[in-house]
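Single-letter residue listing:
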Amino acid sequence: MSDLKKLITQHGGYRKMLSFQVARLVYDVTVRFCDLYIDKFSRTRDQMIQAARSGVQNIAEGSMASGTSKKTELKLTNVARASLEELRLDYEDYLRQGNMVVLSFDDPIMKRFKTKKCKTVDDVREWVNQEMQIAKDSHRQTLTDTSEVKVFDSPCQSLSSSALVANGMLASINLASYLLSRQISVQAESFESEGGFTERLYRVRTSKRKQRR
């Protein structure tokens, strides 16, 4: 192994990381969500977009910085997770203040969202349209159902498109945060066992001195 490879470890490749892909989806959808549903003069709009962007950018920056600084990678990955947590609260506030329901992880709507594995804004839009159609079909069935069993008995069926998107993003943020937490654990273990750039530089210099003797 060359001295350069000993000093600068393998880094980058963040585009292949699932945490980055999910965070980027959250960012893209959040920009669209704010354009549609948040007052353009509201400070919340800018804060949501910046928090979503920070989640993406810090994952990428941390990945690139890892070649020379595991400590920086660890710090930036944690910043990404914290930014997404801030965004999570904004989505929860939007739902709570609008008297809209926050769906549980085992709700049929959320199960269908997770099964779809959205990768783009268009995928999320398609899911929302499908859920709106399911709600309409359920409502029609309820109106014509003469039995005692109600088909349309859940407030989840009457969600607006904005509430669906907000719930979808909460699920996506949960996934991204979980993945980032795992990354932080791995990065912390790596930093503890291998040290940082300074420690590697010391080992390389010590090795070279021994070779010269």
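Chemist: What exactly am I supposed to notice about the confidence of the model for the protein here?
Modeler: It should be kept in mind that the predicted coordinates are not to be read in detail where pLDDT is low. Considering every residue of the protein, the mean pLDDT works out to 83; 74% of them sit at 70 or more. Ranking the elements of the protein by mean pLDDT puts helix H1 (residues 3-7) last with 46 and helix H2 (residues 18-37) first with 98. Note on residues 1-5: pLDDT under 50 across the span, and 3 contacts to partners over four residues away in sequence or across chains. Low pLDDT, under 50, characterises residues 146-157; the stretch is placed with 15 contacts to residues that sit more than four places away or in other chains.

Chemist: Whenever I open this one, the pattern of salt bridges confuses me. Can you help?
Modeler: Once the charged atoms of two side chains with opposite charge are near each other, the side chains can pair. Tallied over the full model, the rule gives 7 salt bridges. Close ionic contact of Arg96 with Asp93 constitutes a salt bridge, the shortest N to O distance being 2.9 Å. Of this pair, Arg96 and Asp93 are both found in helix H4 (residues 70-97), 3 residues apart, which corresponds to roughly one turn of the helix. Classification of Arg96 by relative accessible area gives exposed; the value is 52%.

Chemist: For this particular structure, what's the right way to read the side chain of Ser162?
Modeler: On the secondary structure map, Ser162 appears in helix H7 (residues 161-194). Judged by its relative accessible area of 6%, Ser162 falls in the buried class. Sequence-distant contacts of Ser162, that is, excluding residues within four places in its chain, are made with Phe33, Tyr37, Tyr94 and Met100.

Chemist: What should I look at first to understand H2 in this one?
Modeler: One turn of the α-helix equals 3.6 residues, which is why residues spaced by three or four share an orientation. Here H2 contains 20 residues, and its C-alpha end-to-end distance of 28 Å stays within 8% of the 28 Å for a straight helix at 1.5 Å per residue. Of the positions making up H2, those classed as buried are Ser19, Phe20, Val22, Ala23, Leu25, Val26, Val29, Thr30, Phe33 and Cys34.

Chemist: Explain unusual backbone geometry here, please?
Modeler: Trans peptide bonds make up the majority, and among non-glycine residues the majority have a negative phi. Of note, Asn99 is a non-glycine position whose phi angle comes to about 55 degrees, a positive value. For Asn99, the location among the structural elements is in the loop between H4 and helix H5 (108-116). Classification of Asn99 as exposed rests on a relative accessible area of 73%. At Lys117, a position not held by glycine, the phi torsion is positive, near 50 degrees.

Chemist: Please explain the environment of Ile173 as it appears in this structure.
Modeler: The topology assignment puts Ile173 in helix H7. Each C-alpha atom of the pair Ile173 and Ala52 lies 9.6 Å from the other, and the pair is 121 residues apart in sequence. Not counting residues up to four positions away in its chain, the partners in contact with Ile173 are Val26, Leu84, Leu87, Arg88 and Tyr91.

Chemist: How do you make sense of the packing of helix H3 (residues 43-65) against H4 when you look at a structure like this?
Modeler: Packing of H3 against H4 brings their axes to within 8 Å, and their N-to-C directions diverge by 160 degrees. Taken together, the axis directions place H3 and H4 in an arrangement best described as roughly antiparallel. Both H3 and H4 take part in a crossing whose hand is left-handed. Facing H3, whose interface residues are Thr44, Gln47, Met48, Ala51, Ala52, Ser54, Gly55, Asn58, Ile59, Glu61, Gly62 and Ala65, H4 presents Thr72, Glu73, Leu76, Val79, Ala80, Ser83, Leu84, Glu86, Leu87, Asp90 and Tyr91. Grouping the constituent residues of the contact of H3 with H4 by class yields 11 nonpolar, 8 polar and 4 charged.

What counts and how
Residues numbered from 1 in each chain as written. Predicted model: local features only at pLDDT ≥ 70, side-chain atom pairs only at ≥ 80, totals over all residues. Heavy atoms only, no water. pLDDT = per-residue confidence, 0-100. Helix = DSSP H or I, 4+ residues; strand = E, 2+ residues; numbered from the N terminus. Contact = heavy atoms within 4.5 Å. Salt bridge = Lys/Arg side-chain N within 4 Å of Asp/Glu carboxyl O. Buried < 20%, exposed > 50% of the residue type's maximum accessible area, 1.4 Å probe, protein only. Expected span 1.5 Å × (residues − 1). Axes fitted to C-alpha atoms, helices over the stretch in contact; angles between N-to-C directions. Parallel < 35°, antiparallel > 145°, perpendicular 65-115°, else oblique. Left-handed = near helix turned anticlockwise from the far one by under 90°. Nonpolar A, V, L, I, M, F, W, Y, C, P; charged D, E, K, R; others polar.

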